[in-house]
Amino acid sequence: MLKLGEKQTLQVEKPVPMGVYLKDPKAEDPEEHVLLPRNQVPEGCEVGQKLEVFIYLDSEDRVIATRKEPRLCLHEIGYLTVKEVGRIGAFLDWGLDKDLLLPYHEQPKSHVKPGQSVLCAVYLDKSGRLCATMNVYPYLRQDSPYHAGDEVNGTVYQTSSNFGTFVAVDDIYSALVPKRELVRDLVIGEKIRARVARVKPDGKLDLSLREQKGTQIEIDGKIILQMLEDNGGHLALTDRSDPEKIRSQMHMSKVEYKRAIGHLYRNGEITIGENEITLKDGN
């Protein structure tokens, strides 16, 4: 059976003026074969010889074989470069004679541009054609070697106002920065370093952009003290301030901000008023 989008080892059936026909000796249909174009046929190729090829569709949507190495096979994830943008989408260079289509509906709202390198996966569309998608979620693995507390690298591939930001750790493992952990806005394609906050029962990772609680309190405290110094010793944010205002100004959640100013207060470094916090004399 011929498998579109995959590498296969096939047997030379017969030569023809355009090249050679290849077949799967185990195929149930004896008439099923595929053309390997003449410029792809190795010198001295004989009937019965086995060749490893990649099966895809040519420019006229005919099934064809190639000995060229695709940068991605079916359901694989990786980076491909945008060659050009057309009416129905972008065309990606995946190392073959025919470029790979990235339809507009498989791109983020901010469409890709020529020369851009994009993280994507290869899939079969409803018409049976090989295409690319930037929604790599279904193709990410859930068997990462990481544990809570580990530092990881990943690529942002999707954002959600409900759930948070979806990340491909090492570009192959499924992860999420939950909304509560988003101390700043992340954009699609951005590379991030994060900490594994939790490994879910299904193997997916929850990430945090912040350090462990004890370490983070110290870091947040230093940020707040610096902000106070830069503002003449006063800061119009208290533990009662609006969470979004705290997040936009301090890049912290309200819980983290309250925790940090409570730490500074107990250390005698600040006072907490009705509408502001203030540096204590001598700090």
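A brief look at the structure comes next. (Residues numbered from 1 in each chain as written. Predicted model: local features only at pLDDT ≥ 70, side-chain atom pairs only at ≥ 80, totals over all residues. Heavy atoms only, no water.)

Before going further, it helps to examine the pattern of salt bridges. If you walk through the whole model with that rule in mind, you get 15 salt bridges. With a shortest N-O distance of 3.2 Å, Arg129 and Asp125 are connected by a salt bridge. A relative accessible area of 37% places Arg129 in the partly exposed class. One salt-bridge network, in which partners are shared between bridges, spans Asp58, Glu60 and Arg62. (Salt bridge = Lys/Arg side-chain N within 4 Å of Asp/Glu carboxyl O. Buried < 20%, exposed > 50% of the residue type's maximum accessible area, 1.4 Å probe, protein only.)

Time to look at the pairing of strand 9 (residues 117–124). The element strand 9 is extensively covered by neighbouring structure, given that 6 of its 8 residues are classed as buried. The sheet contact formed by strand 6 (residues 77–85) and strand 9 spans 5 bridges and is antiparallel. Within the sheet, the bridge partner assigned to Ile77 lies in strand 9 and is Ala121. Of the strand pairs in this sheet, strand 9 and strand 10 (residues 130–133) are connected by 4 bridges, and their pairing is antiparallel. For Ala121, the partnering residue across the bridge sits in strand 10 and is Thr133. What sits between the antiparallel neighbours strand 9 and strand 10 is a turn of 5 residues, in which Gly128 has the positive phi angle 80 degrees. (Helix = DSSP H or I, 4+ residues; strand = E, 2+ residues; numbered from the N terminus. Pairing = 2+ DSSP bridges.)

By size, the foremost hydrophobic cluster in this structure holds 34 residues, and its most contacted members are Leu22, Val53, Leu92, Trp94, Leu100, Cys120 and Leu130. A per-element tally of this core places strand 4 (residues 50–57) first, with 6 residues. Sequence-distant contacts of Leu92, that is, excluding residues within four places in its chain, are made with Leu80, Thr81, Val82, Lys83, Asp99, Leu100, Leu102, Val118, Cys120 and Ala132. Counting 15 residues, the second-largest nonpolar core is a separate cluster that includes Ile224, Ile246, Met250 and Leu279. (Core = buried A, V, L, I, M, F, W, Y, C linked by side-chain atoms within 4.5 Å. Contact = heavy atoms within 4.5 Å.)

Read from one edge to the other, the open sheet built from 3 strands follows the order 16-18-17, with strand pairing classed as antiparallel. Either end of the sheet is taken by a strand with one partner, and the two such strands are strand 16 (234–235) and strand 17 (270–272). As paired elements, strand 16 and strand 18 (residues 277–279) share 2 bridges and run antiparallel to each other. Within strand 18, the residue paired with Leu235 across the bridge is Ile277. Strands in contact with helix 3 (residues 254–266) are strand 16, strand 17 and strand 18; relative to strand 17, the strand with the most contacts, it is inclined by about 120 degrees. (Axes fitted to C-alpha atoms, helices over the stretch in contact; angles between N-to-C directions.)

Compared with the 18 Å implied by 1.5 Å per residue over 13 residues, the 18 Å span of helix 3 between its first and last C-alpha is a close match. Taken as a whole, helix 3 has its buried residues at Glu256, Tyr257, Ala260, Ile261, Gly262, His263 and Leu264. (Expected span 1.5 Å × (residues − 1).)

Within the structure shown, the criterion is met by 6 aromatic pairs. Aromatic side chains Tyr137 and Phe166 sit 6.0 Å apart centroid to centroid with 80 degrees between the ring planes, which places their arrangement in the edge-to-face category. With Tyr137 in the loop between strand 10 and strand 11 (151–160) and Phe166 in strand 12 (residues 164–169), the pair connects residues that are 29 residues apart, well separated along the chain. With a relative accessible area of 34%, Tyr137 lands in the partly exposed category. When its relative accessible area of 15% is taken as the criterion, Phe166 is described as buried. (Phe/Tyr/Trp six-rings, centres within 6.5 Å; stacked < 30°, edge-to-face > 60°.)

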